[in-house]
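Examining the three-dimensional arrangement
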Amino acid sequence: MIRISRRKFLAQAAAVGALPLLAACSQPATPSPTAAPKATEAPKPAATTAPAPAATKAPAAAAPKGGTLRLATIGETPSMDPHFTTANINTEITAHITETLFTYDEKLANVPLLAESAETSSDGLTRTVKLRKGIKFHNGKEMTADDVEASLLRWSKMAGRGKMLFQRVDSLSKPDPYTLVFKMNARFSVFETILSFRSQAAVIMPKEQVVAATEKNQISNPIGTGPYKFEEWLKDRYVRLSRFDKYHGGVGDKPNGAGGKRAPFFEELRFMPTPDQSVRLAGVQSGEFDYAEGINPDQVGLLKDSKTVSLVLGVWSKCPTHYINKKSEITKDVKLRQAMMAVIDPEAALKAGWGSPDFYRTNGALMPKEDGPGWQYYTQVAVENFNKKSLELGKKLLGESNYKGEPIRYLTNREYPNMYQEAVVLNQNFQALGLNMKFEVIDWASVVTRRAKPEEWELFVTWNGHNVDPVLIDFMDPVYPGWWTNPKIDALRDKMLETLDPKERFATWENVQRLFYEEVPLLKLGDVRDVYITSAKLKGIGVYPAPFFWQATMTS
Amino acid sequence: MGTQIIRRLLTLVPVLAVVAVVVFMLIHLAPGDPAAVMAGNEATSERIEQLRHQMGLDRPLPEQFLSWVTSALRGDLGESYFLNQPVSLSLMQRIEPTGLLTLYALLFSIVIGLPAGIIAAMNRNTWIDRLTMVTALGGVCIPSFWFGILLILFFAVSLRWLPAAGYVPFTEDPLANLRYLVMPAFSLGLQAAALLARVVRSSMLEVLREDYIRTARAKGLRERFILVRHAMPNAMIPALTIIGNSMGTLLGGAVVTEAVFNTPGVGRLVVQSVLRRDFPVIQGAVLTIAAVYILVNLVVDIAYAVVDPRIREGSR
């Protein structure tokens, strides 16, 4: 029998025990939790035309094609079905799998994607959409008018925008496999815009899949025509997409916003839900992720000098909005709403919420001035009523109102810190005016439930996405909480929807903005944009309508 | 002993019934609509109503409760609204990360806490004792999420030795699994280790003052022998209580730690499900955690009996 001293035994046991730990620490940092990038796999020849990225300059030297792009997203998608939900994260993932008939170019105007062309009859009541030929779905089948019809019909039963379009469609016919003819019962100015939308989008999937799902069942493995195929969804871990080798490659020979040529570089995309902001940030810093979104502007300052992390700014795609309930007995009073508008300090609220002017700009016009969806409708009409910061005027207007000190319930939340901070500042403005504010901090899910009930609130804070067509922005919707509906605005809205002439539409929009400052249906503070952080090697991510990566490359 | 175990197992039934009712009432009475969360921020109210109907949320509460309870009694915890999969499957997929995280954290706490307490007791009133106890006090006071972030900044961001976040299943790659769980387990286990060190120290000091220890010393036994054979077994009872209780605390702490390290475990599932208002998952997860908690306590009680014959005798 071999004798071993206790001291020797303990020393050896400790060494054995420490082995896994040492091994764990001495491994090189694995770039992916599940699979290393496949950079060493057979490199494909580089594209003859260097893909011009949408948000940053074209890379000087691109690494061989391939590899896995690891994307830290703000959370899990509620569904993989693009017709099912308006959740941003669903848009972000499914925009790589499925495609719409139209999309947006770099000037944020509508351009064909799966459609080849669209024509409108002289009376505006017949829309003819020609489809591109030879477009393959991921299952190998060619896309035809049957698939488009089935997809649009399902979408029309699920999405608000779909209902809006199909209320105006009398019949939809297919004279040949590549043509669809919409006979409309009214002119509809936003036909192509609605079909370009990426939120609960009118995406085209094979008829068989769409018919089997109906509008009641979610599609969990969408089959599309997009640059990436759906592979697997491990809930709360990742969604994995792989490059579609028979992808049609988009339109034309150079990228143009979300349209134009599309040349996917990465073999695989992995969307990894990472709800904690600091983890997303640390993940990109440590090389664990290549991209992270939903970064708090306060944190961005720390990264400006980083050599390993890059910042990518989005377009001015959102506007912070504080909705006023026009069904409430208290706030249906126009003078009270005007008094609120007179006293607010939008600059202070935006600074509190968004930190640096890099991410916000004060803007009284309803649409962004430039570099944001709907910029074509920017106008200064009636903007003199914005940013008054006048307590004197506010008190005068309040005196003319019927307000008698009733409590005003202001709903906010802490899940979106910028909303909370903005509301804190405006709440102080309203208190200074002499309003009896009841500031309620609840969670976001509760805000969404309560804002739908007119008897439960007077004010709530959110942000709305700007839209390439202003009539489609949320506050123009008469049933959106806040309920801006009366004969004047309803008539203007209808006119915007029916007028096809751009000049006439612009003049109508000016009237909308004028009415906005007369009636103050809500308080809009300005425009904001998102910031994304990426590995310094990642170039060319697109940012609108959602972050997209089919033009992104990894430099060596 | 057997009767006692059966009796304890039977108490599971009323406890779980109470938990079921309380959880169901709490989550359904709180504001927040799962259909609205599913439909997204820009959904129309018509769409939200359509979904509410499809999800059965427009049925009266007692009817919803009854249908859930009858399914649960058959072992069916329902279907997650958000994840679109059975709750039992969602839980099964997340038990491994939480189980391993808790286990590693417990091992950390024992490996660090136990020797630290013994060393401090052996060197009482010296600088070693003071240093150990001040460190332990710090360990108890430091919030695990903050410590976790510090670990990430140091080991993942600065040194790049360990991954900042994520998870690899043990079955896929045991070593990678360890790499992903080392930091979370350490940050989670630190508090338990500190507590254990303090308890072991005071318990050891108490035992070392006992007559039989003095007798052993008088017999001329070596100090190490006295410590290992006589003092430690007797000082272990309070330590066992702490270790047992730690299981519950660690399971609870795993909720925060899993959020910090993005570990796809039961804790993160519960937190996310609360935010998503995924009622079936919250109900199923809380019921399961309650059952696990009771069972762990039972195991600890059995371990007492194994270690201490007096308890074994008393239970007869």
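Residues numbered from 1 in each chain as written. Chains lettered and ligands numbered in written order. Predicted model: local features only at pLDDT ≥ 70, side-chain atom pairs only at ≥ 80, totals over all residues. Heavy atoms only, no water.

Thoughts on the overall build of chain B
A count of helical and extended segments in chain B gives 13 helices and zero strands. Counting from the amino terminus, chain B carries its helices and strands in the arrangement α-α-α-α-α-α-α-α-α-α-α-α-α. Along the first, second and third principal axes, the C-alpha atoms of chain B reach 85 × 55 × 35 Å. When burial is assessed residue by residue, chain B has 47% of its 316 residues classed as buried. Nonlocal contacts in chain B, meaning residues at least 24 apart in sequence, comprise 72% of its contacts between residues at least 6 apart. Accessible area of chain B: about 15,200 Å², with a carbon and sulfur share of 69%. Computed over 26 positive and 21 negative side-chain charges, the separation of the two mean positions in chain B equals 14 Å. (Helix = DSSP H or I, 4+ residues; strand = E, 2+ residues; numbered from the N terminus. Buried < 20%, exposed > 50% of the residue type's maximum accessible area, 1.4 Å probe, protein only. Contact = heavy atoms within 4.5 Å. Areas by Shrake-Rupley, 256 points an atom, 1.4 Å probe, with all protein chains shown as cover. Lys, Arg positive; Asp, Glu negative; His and termini not counted. Charge placed at Lys NZ, Arg CZ, Asp CG, Glu CD.)

Section: the interface of chain A and chain B
How large an interface is tends to be reported as the accessible area lost when its parts come together. Tallying the contact residues gives 58 residues for chain A and 53 residues for chain B. Here chain A packs against chain B, burying approximately 4,700 Å² in sum over the two surfaces, 51% of which is carbon and sulfur. Three residues stand out in chain A for area buried against chain B, namely Lys235, Asp236 and Arg237 of chain A, and they jointly supply 13% of the buried area on that side. Here chain A and chain B share four salt bridges between them. As a salt-bridge pair, Asp236 of chain A and Arg268 of chain B come within 4.0 Å of each other at their nearest N and O atoms. Run the count over chain A and chain B and you get 21 residue pairs in polar contact (both at pLDDT 80 or more). If you list the elements that add at least two residues to the side of chain A that touches chain B, you get helix H1 (6-26), helix H3 (145-158), helix H4 (160-166), helix H7 (277-286), helix H13 (444-451) and strand S19 (459-465) of chain A. When grouped by side-chain class, the residues that make up the side of chain A that touches chain B number 21 nonpolar, 22 polar and 15 charged. (Buried area = accessible area lost by both parts, 1.4 Å probe. Salt bridge = Lys/Arg side-chain N within 4 Å of Asp/Glu carboxyl O. Polar contact = N/O pair within 3.5 Å; in protein donor to acceptor, adjacent residues only side chain to side chain. Nonpolar A, V, L, I, M, F, W, Y, C, P; charged D, E, K, R; others polar.)

Examining the packing of helix H9 (residues 211-218) of chain B against helix H10 (residues 223-260) of chain B
All names here are of chain B. Between H9 and H10, the shortest axis-to-axis distance is 10 Å and the interhelical angle comes to 160°. In this view, H9 runs roughly antiparallel relative to H10, as classed from their interaxial angle. The handedness of the crossing between H9 and H10 comes out as right-handed. Across the interface between the two elements, Tyr212, Ile213, Ala216 and Arg217 of H9 pack against Glu223, Ile226, His230, Ala231 and Asn234 of H10. Tallied by class, the residues present in the contact of H9 with H10 amount to five nonpolar, two polar and two charged. (Axes fitted to C-alpha atoms, helices over the stretch in contact; angles between N-to-C directions. Parallel < 35°, antiparallel > 145°, perpendicular 65-115°, else oblique. Left-handed = near helix turned anticlockwise from the far one by under 90°.)

A look at the pattern of salt bridges
Counted under the stated rule, the structure contains 33 salt bridges over all chains. Between Lys332 of chain A and Glu329 of chain A there is a salt bridge, and its shortest N-O distance comes to 3.0 Å. Across the pair Glu63 of chain B and Arg59 of chain B runs a salt bridge whose closest N-O atoms are separated by 3.8 Å. Counted as one network, the salt bridges with shared partners bring together Glu232, Arg240, Glu268 and Arg270 of chain A.

Considerations on the side chain of Asp333 of chain A
Residue and element names in this part refer to chain A. Turning to its location among the elements, Asp333 is positioned in the loop between strand S15 (318-324) and helix H9 (334-343). As a buried residue without a salt bridge, Asp333 has its nearest oppositely charged side chain in Arg337, at a separation of 7.1 Å. Not counting residues within four places of it along the chain, the set of residues in contact with Asp333 comprises Ser401, Asn402 and Tyr403.

As for the sheet that holds strand S4 (residues 115-120) of chain A
In any sheet, the strands associate via hydrogen bonds between backbone groups, in a parallel or an antiparallel arrangement. Residue and element names in this part refer to chain A. Strand order in this open sheet of four strands is S4-S5-S7-S6, and the pairing throughout is antiparallel. Strand pairing shows two members of the sheet lacking a second neighbour, S4 and strand S6 (169-176), which therefore form its edges. Averaged over all pairs of adjacent strands, the angle between their axes in this sheet comes to 15°, without regard to strand direction. As defined by bridge partners, S4 adjoins strand S5 (residues 126-131) across five bridges and the pair is classed as antiparallel. In the strand pairing of S5, Ser117 is matched with Lys130. (Pairing = 2+ DSSP bridges.)

Side note on the environment of Leu240 of chain B
Residue and element names in this part refer to chain B. Mapping Leu240 onto the fold places it in helix H10. Separated by 236 residues in sequence, Leu240 and Gln4 have C-alpha atoms that sit 19 Å apart. Once you skip the residues sitting within four places of it in the chain, Leu240 turns out to touch Val300, Ala303, Tyr304 and Val307.

Things to note about helix H8 (residues 174-208) of chain B
Residue and element names in this part refer to chain B. Spanning 35 residues, H8 covers only 42 Å between terminal C-alpha atoms, well under the ideal 51 Å at 1.5 Å per step. Of all the bends in H8, the largest measures some 40° and sits at Leu181, one to four residues before the proline Pro184. Most of H8 is tucked away: 26 of the 35 residues are buried. (Expected span 1.5 Å × (residues − 1). Bend = angle between axes of the 7 residues up to and from the residue.)

Comments concerning the sheet that holds strand S12 (residues 268-273) of chain A
Residues and elements named next belong to chain A. The sheet built from seven strands is open, its strands ordered S8-S9-S12-S1-S13-S22-S14 with mixed pairing. Looking along the sheet, the strands with just one partner apiece sit at the ends: strand S8 (228-234) and strand S14 (309-313). Judged from the four bridges that link them, strand S9 (residues 238-243) and S12 form a sheet pairing that is antiparallel. Counted as the bridge partner of Ser242 is Glu268 from S12.

What about the packing of helix H7 (residues 144-158) of chain B against H8 of chain B?
Residues and elements named next belong to chain B. Close contact between H7 and H8 brings their axes to 9 Å; oriented N to C, the two are set at 145°. At the point where H7 passes H8, the crossing takes the right-handed sense. For the pair formed by H7 and H8, the contact residues are Ser144, Phe147, Gly148, Leu151, Ile152, Phe155 and Ala156 on the first element and Met183, Phe186, Ser187 and Leu190 on the second. Partitioning the contact of H7 with H8 into residue classes produces eight nonpolar, three polar and no charged.

Looking at the pairing of S8 of chain A
Residue and element names in this part refer to chain A. Judged from the six bridges that link them, S8 and S9 form a sheet pairing that is antiparallel. In the sheet register, Lys229 faces S9, and the bridge partner there is Ser242. Here S8 folds back onto S9, and the loop between the two strands holds three residues, one of which, Asp236, carries a positive phi near 65°.

Here's the deal with the nonpolar core
In globular proteins that are soluble, nonpolar side chains generally tend to be buried together. The biggest cluster of nonpolar side chains holds 161 residues, and the ones touching the most others in it are Leu101, Leu152, Leu165, Phe182, Phe430 and Leu435 of chain A. Sequence-distant contacts of Leu101 of chain A, that is, excluding residues within four places in its chain, are made with Pro112, Leu113, Leu114, Ala115, Val129, Leu131, Val148, Leu152, Leu195 and Ile204 of chain A. Counting 46 residues, the second largest nonpolar core, distinct from the first, contains Leu114, Ala185, Ala254 and Phe261 of chain B. (Core = buried A, V, L, I, M, F, W, Y, C linked by side-chain atoms within 4.5 Å.)

A look at helix H12 (residues 417-433) of chain A
Residue and element names in this part refer to chain A. Under the 1.5 Å per step criterion, the end-to-end length of H12 is 25 Å for 17 residues, consistent within 8% with the ideal 24 Å. Along H12, the residues that are buried comprise Asn418, Met419, Tyr420, Glu422, Ala423, Val425, Leu426, Asn427, Asn429, Phe430 and Leu433. Following H12 by one or two positions, Gly434 adopts a phi angle in the positive range, close to 105°.

Let's talk about the domain arrangement of chain A
Residue and element names in this part refer to chain A. Taken as a whole, chain A is organised into domain 1 (68-312 + 532-554) and domain 2 (318-528). Opposite the 23 residues of domain 1 that make contact, domain 2 presents 22 residues. Between domain 1 and domain 2 the total buried area reaches about 1,700 Å² when both faces are included, carbon and sulfur atoms providing 62% of it. In terms of surface lost to domain 2, no three residues of domain 1 exceed Leu108, Ser189 and Pro297, which account for 30% of the buried area on that side. Applying the counting criterion to the domain 1 and domain 2 interface returns zero salt bridges. Joining domain 1 to domain 2, the criterion identifies six residue pairs in polar contact (both at pLDDT 80 or more). If you tally residues by element for the side of domain 1 that touches domain 2, the top one is helix H8 (residues 297-300), at three residues. Along the lines of polarity and charge, the residues of the side of domain 1 that touches domain 2 split into 10 nonpolar, six polar and seven charged. (Domains from an automatic or database assignment.)

Digging into unusual backbone geometry
Residue and element names in this part refer to chain A. In the segment running from Tyr544 into Pro545, the intervening peptide bond is cis, with an omega of 10°. Note on placement: Pro545 falls in the loop between strand S23 (538-539) and strand S24 (553-554). With phi around 45°, Gln200 is a residue other than glycine that occupies positive phi space. You can see Gln200 is positioned in the loop between helix H5 (191-196) and helix H6 (207-213). You can call Gln200 buried: its relative accessible area is 4%.

Observations concerning the pairing of strand S22 (residues 531-535) of chain A
Residue and element names in this part refer to chain A. Of all five residues in S22, five are buried, a share of seventy percent or more. Inspection of the sheet shows strand S13 (residues 291-292) paired to S22 by two bridges, in the antiparallel sense. From the neighbouring strand, Tyr291 faces S22, where its bridge partner is Thr534. Here S14 pairs with S22 via five bridges, running antiparallel. Each residue of the ladder has a partner; that of Val309, found in S22, is Ser535.

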